[in-house]
Every structure is written in C-alpha cells, then in structure tokens.
Amino acid sequence: MTHIVCCFPLADLCRLCPCVYEYFNAVLINEVDEEGNSVELGGEFILQPNDHFNNLSVNLSLSVVQVPTNMYNKDSAIVNGVYWSEALNKVFVDNFERDPSLIWQYFGSAKGFFRQYPGIKWKPDEHGVIAFDCRNRKWYIQAATSPKDVVILVDVSGSMKGLRLTIARQTVSSILDTLGDDDFFNIIAYNEELHYVEPCLNGTLVQADVTNKDHFREHLDKLFAKGIGMLDIALTEAFNLLSDFNQTGRGSVCSQAIMLVTDGAVDTYDAVFAKYNWPDRKVRIFPYLIGRESAFADNLKWMACANKGYFTQISTLADVQENVMEYLHVLSRPKVIDQEHDTVWTEAYIDSTLEDGQGPVLMTTVAMPVFSTKNETRNRGILLGVVGTDVPVSELLKTIPKYKLGIHGYAFAITNNGYILTHPDLRAHINDLCSVARDMHI
C-alpha cells in the first residue's frame, strides 16, 4: 500500500493539515524492485477473478489511477487530483452494489489522470508505453465541450522549415484528436497563397469522424515550407468559411474557432478582426506559437485575448499534446458557468476486455461533465473532468417493451450522428463496425 502526504494547496480540502491518502497507480500496483520491495506508487493491491468482468482480476473495493506515459506520475496537479477524487471510491462501490449490472465506472480528469473502477492492472505495450489519454476519448470530448466548427490555419512559410514544421504537423494532428463526431473542421495551409490540405474539400467543413481525420492526417506529410506567410489572407478565408458554412445550417451551429499554428505574426491584424469578428466575437482565436523564439508572441497573445481565445507556445514535440489540450478548458467555460450537466451517449463500440457467450461485448458510454461548484471558481468556469460508465447494449435492449412491437416488429437505435447504437442484425455485421477498443493492454 502506498501512502502520500498531501502538502499542496487544495482550498477547503487540504487547508487545515497535511493528509495521508492512497495512490494506486494502475501500472505500478503489485510491482516490486530488485530487492523485492514494492515500488513507489504501487504496493500490494488485491486482485481476484470476477465472472461479471469476464474473469478478469479486479478489485471491487478500490479504483486505480492511470497516468499517460508522457506525464509525470507525481506532478503536483496529478497528486492533488488523485487526493480529492479518492472519495469516488465509495461512490463507485455504492453504485455497483445498487446496480450489479454496471461494468466499468471512471472519472477522466482535465489534468490527464484516469480513475477507473473496479481496480485492474494495466500493462504497457512492448515499448513500455501506454498511449491512452482519457481527454482524447470521444466520451470525454463530447461531454466536456459543445459542438464546434473549427478551421485550422497552418503557416508553411520559409521560416517554418525543419523541426518547426514537424512540430506544426504534430500540433495539427493533436488538435484533430480533440475533435469528435459532433464537430466540423478543415485545414488550410498558407504562405503567399492559400492551400487547402484536401483540395477536394475546398470551401467547406467536414465532420470530424475517424475516417475524415485520418484522411487529413495523410495529407499533412505533403506540406512543405517556402515563401512568405500572408496571415491576413488566411484569416479572411477562415472567417468567410466559418460564416458561409454556419449559414447552411449543416455544421455544429454552436461554437466556432480558428486554430492558428505559426512561428510568429508581424501584425495584430486588428482590421481583419474588426471586419469579421467584432463586436460579437463569435469566433474564438487560439494561436499556437511554434518554436522557442518569442519575438512575435505579443501579437499572438493580443489576438487570443481580443477574440476570447487562448495563447500557447510549443517549443518541442514533447510539449505538443498537453499544450493543445488547453483550448478545451476555454471552450468548456460556457457550459461550466451555465452548469449544463448534459449527458452524452457514444455510438456502439467493441470492448476488447469483455466477452459474452457470443464474442466481444458491444458497449456504449454514457458520460457527463464535472464542474467546480466553489464560489471562487464558478464564474471562471473550471472543468474538473468527465465522469462516465460503460453500458452493454444488451442492457439497453432489456428496456424495450417488446409486447408493443408486435410479432414482426423490432426496435433499433441510432445516435444523432447516424451511428447504429443497437439493431437486431448489428452483431451479424460486427466486422463492418468501426470499433473502438480500449487502449489498456491486459
């Protein structure tokens, strides 16, 4: 058992005295060092096979905490979150006792850690890596932010050659990871001219489903840096694109944003913003400054502040993922301030960790955002994370009043994006599904 002494400021929770609590890391539990001693953040964690969980070895009394490989297990923000979220153990256990049909319950923190019940050991891949980041999962994205239309502008001027362009490509790819099926996007590269990354989709936005995002990623490798960056032309195109697409009623009809990936801006381009975005400021601007130099950082910071966005500097490839995530906090603020606890359901997917008598179990996830309700944070809109649980599709079928369907009738369900949630013939065509299996390696 690993005990941590909490000495970090946690407002009401940790103001009076340091407190001891348990931090069971999902990868390190039951691990020992060369001398046979439990490794830090590990310790003895009782795991027993359970029929309800496909005979996986789980702990029905405690949850475990998973932290992405690219994050530090003992970062103060992680440790603080692990401390106050430990109270979820009782909630998880009580939920399971009230409804034994429940499967996995979990909390995905905005800081990056993932608390999962029942506790189970996670195993890295052959490279020692666990790529799972809860904030990139569909259930998290859909619950944390409202649907959005996004135009990503990528600077491909001559100054972006080499490592900067590599970082820019990874930044764009990470932005795509944060978009879900409720979102619409396009990518425009610019120097003296505008270059739609996918020329066939010139002048429109596309749904951010897995197929479209992968297609655009393939085109990112075709970007080359040369010439001079004409940002005013790119911004004008982005504003017109968002405006025209919004008028068609085919997009998210909600939030709009321009993601600007560049190594600098020689002007604030306030004339462009005054013409297309002020005074309503319906389009938020999120500049990502690529590289270590900050000579033009002030102009980009001004753009973000003047257009209700957020400025981020990305110096290395290691900085990309965490810095890209920052914009989600900004887009979640309206929901947090208005206390919109919207419940979201994902499309059906295959949970590779569970099986029934006929093969892998079809699942859907139900999730909702978790906000800070403290008076000092409410007006600032602090998203703590997203809580969710997996629901077997078979459980949904049990709620259907079959006596109302008739002899030849049947029930089916689809999501708002047209994905099949449940259908009598769904299992027969399971190989045709775009399944999303868990990233844990068990």
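The rules behind the values
- The numbering scheme is per chain: residues are counted from 1 as the chain's sequence reads.
- A pLDDT threshold of at least 70 governs which residues receive local features in this predicted model, and a stricter bar of 80 or more applies before side-chain atom pairs are shown or counted, although totals over entire chains, interfaces and linings include all residues.
- With hydrogens and water set aside, each side-chain value is computed from the structure's full complement of heavy atoms.
- UniProt positions are given in the numbering used here, feature names are shortened, and annotations may be inferred rather than shown by experiment.
- The way it works is that DSSP assigns letters per residue, a run of H or I at least four long becomes a helix, a run of E at least two long becomes a strand, and they are numbered from the N terminus.
- Relative accessibility thresholds used throughout: buried, under 20% of the residue-type maximum; exposed, over 50%; partly exposed, between the two (1.4 Å probe, protein chains only).
- The contact rule is simple, with two residues in contact once any of their heavy atoms fall within 4.5 Å.
- Computed by Shrake-Rupley with a 1.4 Å probe, the accessible areas treat only the displayed protein chains as cover when residues are assessed.
- Each patch is built from salt-bridge-free residues with over 30% relative accessible area, joining like charges within 9 Å and nonpolar side chains (Val, Leu, Ile, Met, Phe, Trp, Tyr) within 5 Å.
- Only one rule defines a salt bridge in this text: a Lys or Arg side-chain nitrogen within 4 Å of an Asp or Glu carboxyl oxygen.
- Should DSSP find at least two bridges between two strands, the strands are regarded as paired.
- Aromatic rings from Phe, Tyr and Trp, taking only the six-membered ring of Trp, are treated as a pair when their centres fall within 6.5 Å; an angle between ring planes under 30 degrees marks them as stacked, one over 60 as edge-to-face, and anything in between as tilted.
- The term polar contact refers here to a pair of N or O atoms within 3.5 Å; inside protein, the definition further demands a hydrogen-donor-capable atom paired with an acceptor-capable atom, and it admits residues adjacent in sequence only when both atoms are side-chain atoms.
- By this rule the span expected of a helix is its residue count minus one, scaled by 1.5 Å.

- Looking at an unreviewed UniProt entry, one finds the protein named Calcium voltage-gated channel auxiliary subunit alpha2delta 3, with Myripristis murdjan as its source organism.
- The heading Subcellular location (unreviewed entry) in the UniProt record of the protein holds the text "Membrane".
- In the Sequence similarities (unreviewed entry) part of its UniProt record, the protein is described as follows: "Belongs to the calcium channel subunit alpha-2/delta family."

## Digging into the overall build of the protein
Part 1 of the argument: The number of helices and strands found in the protein is 12 helices and 20 strands.
Part 2 of the argument: Across the 442 residues of the protein, 49% fall into the buried class.
Part 3 of the argument: Sequence separation of at least 24 residues holds for 70% of the intrachain contacts in the protein that already meet a minimum separation of 6.
Part 4 of the argument: If you sum the accessible surface of the protein, you get close to 20,900 Å²; carbon and sulfur atoms cover 52% of it.

## Focus: a nonpolar patch on the surface
Part 1 of the argument: Residues Tyr410, Phe412, Ile414 and Ile420 make up a contiguous nonpolar surface patch of about 430 Å² in total accessible area.
Part 2 of the argument: Relative to the helices and strands, Ile414 resides in strand β19 (residues 413-414).

## Side note on the pairing of strand β8 (residues 148-155)
Part 1 of the argument: The element β8 is extensively covered by neighbouring structure, given that 8 of its 8 residues are classed as buried.
Part 2 of the argument: Both faces of β8 are covered, namely the face carrying Lys148, Val150, Ile152 and Val154 and the face carrying Asp149, Val151, Leu153 and Asp155.
Part 3 of the argument: With 7 bridges joining them, β8 and strand β12 (residues 255-262) adopt parallel strand pairing. Bridge pairing in β12 links Ile152 to Met259.
Part 4 of the argument: Bridging between β8 and strand β9 (residues 184-190) involves 7 bridges; their strand directions are parallel.

## A look at the pairing of strand β7 (residues 114-117)
Part 1 of the argument: By the alternation rule, side chains of β7 split into Phe114 and Gln116 and Arg115 and Tyr117, which are all buried.
Part 2 of the argument: Where strand β5 (residues 64-66) lies against β7, 3 bridges are found, and the strand directions are antiparallel. By the bridge assignment, Val64 is partnered in β7 with Gln116.
Part 3 of the argument: Inspection of the sheet shows strand β6 (residues 105-109) paired to β7 by 4 bridges, in the antiparallel sense. Its bridge partner lying in β7, Phe107 is registered against Arg115.

## Notes on the packing of aromatic side chains
Part 1 of the argument: Tallying each qualifying case throughout the model produces 23 aromatic pairs.
Part 2 of the argument: Ring geometry for Phe239 against Phe273: centres 6.0 Å apart, planes inclined by 85°, an arrangement best described as edge-to-face. With Phe239 in helix α6 (residues 231-248) and Phe273 in helix α7 (residues 270-276), this pair connects stretches of sequence that are 34 residues apart. You'll find Phe239 and Phe273 in the same group, each marked buried.
Part 3 of the argument: These aromatic residues form a ring-pair network of at least three members: Tyr106, Phe114, Trp122, Phe132, Trp139 and Tyr140.

## A short note on unusual backbone geometry
Part 1 of the argument: The linkage connecting Tyr117 with the following residue, Pro118, adopts the cis geometry, with an omega of -5°.
Part 2 of the argument: Look at the link from Trp278 to Pro279: it is a cis peptide, with omega at 5°.
Part 3 of the argument: In this fold, Pro279 is placed in the loop between α7 and β13 (283-290).
Part 4 of the argument: Positioned with a positive phi, Asn30 is a non-glycine residue whose angle comes to about 65°.
Part 5 of the argument: Its location among the elements puts Asn30 in the loop between β2 (19-22) and β3 (48-50).
Part 6 of the argument: Look at Tyr269: it is not a glycine, yet its phi comes out positive at around 55°.
Part 7 of the argument: Of note, Tyr269 is situated in the loop between β12 and α7.

## Quick word on the environment of Asn59
Part 1 of the argument: Its location among the elements puts Asn59 in the loop between β4 (56-58) and β5.
Part 2 of the argument: Here the alpha-carbon distance between Asn59 and Pro118, two residues 59 residues apart in the chain, equals 5.5 Å.
Part 3 of the argument: Once residues within four sequence positions are removed from consideration, Asn59 is found in contact with Phe45, Ile46, Leu47, Tyr117, Pro118 and Gly119.
Part 4 of the argument: At a separation of 2.8 Å, a polar atom in the side chain of Asn59 contacts the main-chain carbonyl oxygen of Ile46.

## Here's the deal with helix α4 (residues 163-177)
An α-helical turn contains 3.6 residues, so a residue and the one three or four places further along point in the same direction.
Part 1 of the argument: The end-to-end C-alpha separation of α4 is 21 Å, in line with the 21 Å expected for 15 residues at 1.5 Å each.
Part 2 of the argument: Considered for burial, the residues of α4 that qualify are Leu165, Ile167, Ala168, Thr171, Val172, Ser173, Ser174, Ile175 and Leu176.

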